[in-house]
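Survey of secondary and tertiary structure
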Amino acid sequence: MLRDSFGRVATDLRVSLTDKCNLRCTYCMPPEGLDWLPNAQLLTAEEIVRLVTIGVERLGVTEVRYTGGEPLLRRELVDIVGRTTALTPRPQVSLTTNGIGLARLAEPLAAAGLDRVNVSLDTLDAATFKRLAHRDRHADVIAGLAAADGAGLRPVKVNAVLMRGVNDHEAAPLLRWCVEQGYELRFIEQMPLDAQHGWSREGMVTADEILGLLSGSFDLTPDDLEERGSAPAERFLIDGGPARVGVIGSVTRPFCGACDRVRLTADGQVRNCLFATEESDLKTPMRAGASDEELAERWLAAVARKRAGHGIDDPSFLQPSRPMSAIGG
């Protein structure tokens, strides 16, 4: 198993399929975009499936989530999902996406065996969406959510980042809309993973603030804490349930002690944490002819070095050089 020196076991694998994205969300990248990785540096579909197979069949991975950048931009996505769900033992397979293109791909992905999706949506207002994402694609995201629900990719989860003075006033309306639609909303604290390095603790809307913004409109009661396990979201029943809302306080309420995640970047690097500054290369030895056993040993050694926590509160904390789009959520 992928066990670190603190006894945590990584069973949840997050795989970035590309660093490219068709939005320019201000908490992730500048309006002009970034220098994307050359295609030759990206893992091929065959290489992705090979590494995922090693994780599932040899290293105890039980959940695989495909991310980006924007994973819907990966041409072989449906095939990759289908080959992943065909593995034995079969892992749970999910997708984190901005939803653009999901209206077209929801049915094929469901047919390939995809279990569910997480879709980013920070606002109900098209003008605010354009201000945040620098693209006029709000209607496409709404259509993608509806298509995912119609294809049975449930529970459909919505991820929202609140930005102070931009969309923080929408916390309650966004939650009300998600409950009406049957989606499960999860608010996520803005994290220091933007390419511009413009994040500040003072500018971030904290988990406590998010709960405060919601409490005026909803009666929130903590869900069974014993069931949270390694899940990043603190979940709350809305007005007694059954609807729930999640709050992911990655910065102010870290859950590092129960973390069961490991990440594989689009260029084949193992990362033990979103905020890690070290990576372990699997692509180079794989392309040099390493066996599955050798790659598994390298992966085990990489996870064994996982740190106790992300260290954001430590004065020596340095923001990772790679932004979120290049790491994969």
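My aim in this report is to walk through the structure given alongside it, one point at a time.

In terms of regular secondary structure, the protein is built from 10 helices and 14 strands. The buried share among the 329 residues of the protein stands at 56%. Considering only contacts in the protein between residues 6 or more positions apart, those separated by 24 or more positions represent 72%. With an accessible surface of roughly 13800 Å², the protein has 51% of that area assigned to carbon and sulfur atoms.

Here the focus is the nonpolar core. Counting residues in each nonpolar core, the largest one holds 97 residues, and the members touching the most others are Tyr66, Phe187 and Trp299. Ranked by residues supplied to this core, first place goes to helix 1 (residues 45–59) with 8 residues. Among residues more than four places away in sequence, those in contact with Tyr66 are Val15, Leu17, Ile48, Val52, Pro71, Ile80, Val81, Thr84, Val93, Ser94, Leu95 and Thr96.

This part takes up unusual backbone geometry. For the bond running from Arg154 to Pro155, omega is 0°, close enough to zero to count as cis. With phi around 60°, His134 is a residue other than glycine that occupies positive phi space. With a phi close to 50°, Asp239 is a non-glycine residue in the positive phi region. For Asp239, the location among the structural elements is in the loop between strand 10 (234–238) and strand 11 (244–248).

So, about the side chain of Ser94. Relative to the helices and strands, Ser94 resides in strand 5 (residues 92–97). Within the structure, Ser94 has its side chain in polar contact with the side chain of Arg65 (distance 3.3 Å). Leaving out residues up to four positions away in the same chain, Ser94 has contacts with Val64, Arg65, Tyr66, Leu114 and Arg116.

Before going further, it helps to spend a moment on the environment of Phe236. Inspection of the secondary structure assignment puts Phe236 in strand 10. For Phe236, a relative accessible area of 9% puts it in the buried group. Separated by 13 residues in the primary sequence, Phe236 and Asp223 place their C-alpha atoms 5.0 Å from one another. Setting aside its immediate chain neighbours within four residues, Phe236 contacts Leu211, Leu220, Thr221, Pro222, Asp223, Ala243, Arg244, Val245 and Val247.

To continue, consider the pairing of strand 10. Across the 5 residues of strand 10, 4 count as buried, placing the element largely inside the fold. The pairing of strand 9 (residues 220–222) with strand 10 spans 3 bridges and is antiparallel. Bridge pairing in strand 10 links Pro222 to Phe236. Relative to strand 11, strand 10 is paired through 4 bridges, and the arrangement is antiparallel. By the bridge assignment, Leu237 is partnered in strand 11 with Arg244.

Cut-offs and rules
- Residues numbered from 1 in each chain as written.
- Predicted model: local features only at pLDDT ≥ 70, side-chain atom pairs only at ≥ 80, totals over all residues.
- Heavy atoms only, no water.
- Helix = DSSP H or I, 4+ residues; strand = E, 2+ residues; numbered from the N terminus.
- Buried < 20%, exposed > 50% of the residue type's maximum accessible area, 1.4 Å probe, protein only.
- Contact = heavy atoms within 4.5 Å.
- Areas by Shrake-Rupley, 256 points an atom, 1.4 Å probe, with all protein chains shown as cover.
- Core = buried A, V, L, I, M, F, W, Y, C linked by side-chain atoms within 4.5 Å.
- Polar contact = N/O pair within 3.5 Å; in protein donor to acceptor, adjacent residues only side chain to side chain.
- Pairing = 2+ DSSP bridges.

Function-wise, these values are silent; they only describe arrangement.
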